Amino acid sequence: MFINILRSTDKRPGLNPPLIVNMAITVIALGFLFMFVIMPLIIVLKEAFSAGLSLWWASITEKDALSALRLTLLVAAIAVPVNLVFGLAASWALAKFRFKGKSLIITLIDLPFAVSPVVSGLIYVLLFGLHGWLGPWLGEHDIQIIFAVPGIVLATVFVTFPFIARELIPLMSEQGTDEEQAALSLGASGWQTFRRVTLPNIKWGLMYGIILCNARAMGEFGAVSVVSGHIRGETNTLPLQVEVLYNEYNFVAAFAVASLLAGLALVTLVLKSIVEWKTKHG
Amino acid sequence: MNKIKIYILKTVLLLFSGIPFLANAAGTDEILNVSYDPTRELYRDYNVLFAKYWEKETGRKVNIRQSHGGSGKQARAVIDGLKADVVTLALAYDIDEISAKSKLLQPNWQQNLPQNSSPYTSTIVFLVRKGNPKAIKDWNDLIKPGVEVITPNPKTSGGARWNHLAAWGYVLNRELGDLKKINDSDKAEEVRVAEKKAKEFIAELYKHVPVLDSGARGATTTFAQRGIGDVLLAWENEAFLSVNQLGADKFDIVVPPISILAEPPVAIIDTVVDKRGTRKITEAYLKHLYSPEAQKLAARHFYRPVHPENADPADIARFSKSKLFTIDEVFGGWQKAQKAHFSDGGIFDQIYQPGYN
């Protein structure tokens with residue numbers, strides 16, 4: 001059965017490499033997957049449950065861990081929709097229209113990918129810090145941005161900025177504007193065209209972008225670490241809480257919280273599969 | 001199409017259901033203590049102690065929020081706007097920096113509380129592998145061939161600066177025989193020669209350091225968890241804690257015959273407490289650190305209490321009686337020490353080359 005999967009069904013010459021090559025490639029791919037994805041996941045789970053289920057439960061329902069969970073979900077719940085709206089608007093404009101400065105905008109969208117997350121965090125410290133550009137004004141009006149939730153949200157939005165737009169721009173460019181033009185010429189309004197023609201065409205790319213964006217928003221460490229202030233039970237997200245626990249020699253709890261983070265990632269994947277299944281069969 | 005929309009909506013709603021409940025109970029005071037790395041365990045217990053005391057005194061509850069990190073990094077965060085009511089850092093210079101760079105507290109803050117505003121002190125010791133296989137007994141043994149030393153980065157870590165200065169003081173004491181000569185103008189030439197020796201020693205010492213972590217806790221993890229190095233230069237309290245937490249069968253503590261008296265000070269951030277109206281409670285919070293029950297607690301957490309008579313004698317007996325010199329007598333205070341050793345172009349910059357041979 002397994003060997004059959006490896007055999008190409010296409011009998012055309014040149015498209016059917018020897019079985020041994022197919023097997024070698026498969027083994028290498030699976031080996032990589034095991035070493036770099038599955039094994040670390042197993043180790044996290046093994047360490048998390050090493051002291052028993054009750055201690056694991058106590059670790060993830062501990063006050064500070066719960067607050068880290070809430071903060072992580074809140075940050076993702078703000079960052080993902082913001083980047084969804086931005087990503088759709090930007091890719092729509094960039095893929096369906098021609099204008100000057102297009103490549104400059106694409107470069108700017110890519111900026112958060114190019115900049116180290118630590119630098120991304122520092123940008124906000126320099127901007128909103130007490131001695132930053134806007135700091136004195138914010139201080140006078142008693143508005144706290146960095147070392148508080150707004151700063152963490154801003155830093156997360158920044159680092160997850162390109163995910164959705166970058167996913168959609170190639171897709172939309174490839175699809176061109178023919179279908180939209182047809183819809184418009186048949187009398188559809190702009191909004192109808194977007195909803196009935198553009199959106200269905202990009203839905204899988206969009207879902208994929210949202211999932212990537214969400215995963216990064218929940219897992220971001222570097223940028224958030226710089227702007228967090230590390231106040232226990234208040235400005236620690238799950239990844240920061242893992243570091244805190246590890247530094248306090250609380251290894252079981254650190255891995256328990258890490259397993260929670262891994263669990264969130266798995267939930268995201270399951271949600272994606274459910275949506276996929278429902279759209280195909282519903 | 002509609003189904004996708006509904007599922008996206010449901011996902012978003014699910015995520016939003018986790019919005020934290022931000023309301024703060026009435027009758028509860030709230031303060032933020034920004035501290036350095038190794039005090040996590042001490043303040044976790046002290047905050048409980050103080051909350052009980054405060055409720056008994058005033059009938060009000062208190063919620064003390066904690067933030068921990070490398071001392072220099074934490075000072076930087078306060079300068080950049082982390083709203084600390086109190087700072088409890090590793091060394092006076094970091095609080096001086098907050099005062100100088102942000103004007104958030106008076107420059108003479110260190111006079112506000114007894115004992116240079118340091119309710120507990122510590123020193124620098126060596127943590128070695130069980131049985132001390134490299135036979136490290138004194139500072140000079142650190143530069144023996146084949147010995148790897150773990151110490152954090154003095155640019156970001158308070159503990160690392162104490163380590164560096166302790167090693168420097170050791171050489172001066174060895175060369176001069178008496179540290180009093182440092183402040184004797186007749187002995188200036190002799191002191192100059194000794195300082196040259198000290199610089200050579202420190203340069204050699206850093207050649208034995210394979211990695212500089214950013215904070216004391218990170219260095220401990222490097223040594224204890226990752227198994228790198230033969231000896232960790234550590235806060236006495238951090239060394240005891242490692243042995244306690246990670247197993248007495250793995251490490252030994254070696255106390256060098258001479259080391260530095262490390263004074264981690266505490267201070268109120270004036271502008272923050274005045275704005276928030278927390279001056280009364282923060283004053284009580286820091287003052288209570290000198291109370292008999294808090295002094296006893298500090299000793300239990302391996303900090304040397306400034307009133308040892310209030311601590312458990314068994315806890316005090318754990319501390320060695322080796323000779324300790326102060327930063328004032330050898331370096332003329334933190335301002336001078338920082339400028340000469342750790343500022344840009346200072347001694348650390350002159351002698352440290354990344355990588356070791």
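Residues numbered from 1 in each chain as written. Chains lettered and ligands numbered in written order. Predicted model: local features only at pLDDT ≥ 70, side-chain atom pairs only at ≥ 80, totals over all residues. Heavy atoms only, no water.

A.B. asks: Quick question: what am I supposed to make of the overall build of chain B here?
C.D. replies: Of the regular secondary structure elements, chain B holds 16 helices and 11 strands. For 357 residues, the compact-globule estimate of 2.2 N^0.38 gives 21 Å, and the C-alpha radius of gyration of chain B, at 23 Å, lies within 12% of that figure. Along the three orthogonal principal directions, the C-alpha set of chain B runs to about 80 × 55 × 40 Å. Residue burial in chain B is summarised as follows: out of 357 residues, 57% are buried. Charge separation in chain B, taken as the distance between the mean sites of 47 positive and 42 negative side-chain charges, equals 6 Å. (Helix = DSSP H or I, 4+ residues; strand = E, 2+ residues; numbered from the N terminus. Rg over C-alpha atoms; globule rule 2.2 N^0.38 Å. Buried < 20%, exposed > 50% of the residue type's maximum accessible area, 1.4 Å probe, protein only. Lys, Arg positive; Asp, Glu negative; His and termini not counted. Charge placed at Lys NZ, Arg CZ, Asp CG, Glu CD.)

A.B. asks: Got a minute to help me understand the sheet that holds strand β1 (residues 28-36) of chain B in this structure?
C.D. replies: By way of backbone hydrogen bonds, the strands of a sheet pair with one another, either parallel or antiparallel. Residue and element names in this part refer to chain B. With mixed pairing, four strands are arranged side by side in an open sheet as β2-β1-β3-β9. Edge strands, defined here as strands with exactly one partner in the open sheet, are β2 (61-69) and β9 (266-268). Adjacent strand axes in the sheet meet at a mean angle of 20° when their direction is disregarded. Two elements, strand β3 (residues 86-88) and β9, share three bridges in a ladder whose sense is antiparallel. Residue pairing for β9: Val 87 is matched across the bridge by Ala 267. (Pairing = 2+ DSSP bridges. Axes fitted to C-alpha atoms, helices over the stretch in contact; angles between N-to-C directions.)

A.B. asks: What should I look at first to understand the pairing of strand β8 (residues 258-262) of chain B in this one?
C.D. replies: If a strand is regular, its side chains alternate between the two faces of the sheet. All names here are of chain B. Counting buried residues in β8 gives five out of five residues, a clear majority hidden from the surface. Taken together, the two bridges between strand β4 (residues 120-129) and β8 define a ladder with antiparallel strand orientation. Counterpart to Ser 122 in the pairing with β8 is Ala 262. Inspection of the sheet shows β8 paired to strand β11 (residues 323-325) by three bridges, in the parallel sense. Counterpart to Ile 260 in the pairing with β11 is Phe 325.

A.B. asks: Just to check I follow, could you spell out helix α11 (residues 190-219) of chain A for this structure?
C.D. replies: Every α-helical turn comprises 3.6 residues, leaving residues that sit three or four positions apart pointing alike. Taking 1.5 Å as the rise per residue, α11(A) with 30 residues should run 44 Å; its terminal C-alpha atoms sit only 37 Å apart, a clear shortfall. At Lys203(A), α11(A) shows its largest kink, close to 60°. (Expected span 1.5 Å × (residues − 1). Bend = angle between axes of the 7 residues up to and from the residue.)

A.B. asks: Mind showing me how you'd approach the interface of chain B and chain A here?
C.D. replies: It is common to give the size of an interface as the accessible area lost on bringing the parts into contact. Taken together, the contact between chain B and chain A spans 38 residues of the former and 32 residues of the latter. Of the roughly 3300 Å² buried between chain B and chain A, counting both surfaces, carbon and sulfur atoms make up 65%. For Glu234(A), the salt bridge identified is with Arg65(B), shortest N-O distance 2.5 Å. For the side of chain B that touches chain A, the elements supplying multiple residues, two or more each, are α1 (2-16), α2 (40-58), β2, α3 (71-79), α4 (92-102), α8 (216-224) and α9 (236-246) of chain B. Ranked by residue count, the leading element in the side of chain B that touches chain A is α1(B), at six residues. The residue inventory of the side of chain B that touches chain A, partitioned by class, reads 14 nonpolar, 12 polar and 12 charged. (Contact = heavy atoms within 4.5 Å. Buried area = accessible area lost by both parts, 1.4 Å probe. Salt bridge = Lys/Arg side-chain N within 4 Å of Asp/Glu carboxyl O. Nonpolar A, V, L, I, M, F, W, Y, C, P; charged D, E, K, R; others polar.)

A.B. asks: Teacher, can you tell me more about the packing of helix α8 (residues 149-160) of chain A against α11(A) here?
C.D. replies: Between two packed helices, both the angle of their axes relative to each other and the distance between the axes serve to describe the pair. All names here are of chain A. Packing of α8 against α11 leaves a shortest axis separation of 9 Å and a crossing angle of 140°. Between α8 and α11, the crossing angle belongs to the class labelled oblique. Between α8 and α11 lies a crossing whose hand is right-handed. Note on element contacts: α11 touches α8 through Cys 213, Arg 216 and Ala 217, opposite Thr 156, Val 159 and Thr 160. Tallied by class, the residues present in the contact of α8 with α11 amount to three nonpolar, two polar and one charged. (Parallel < 35°, antiparallel > 145°, perpendicular 65-115°, else oblique. Left-handed = near helix turned anticlockwise from the far one by under 90°.)

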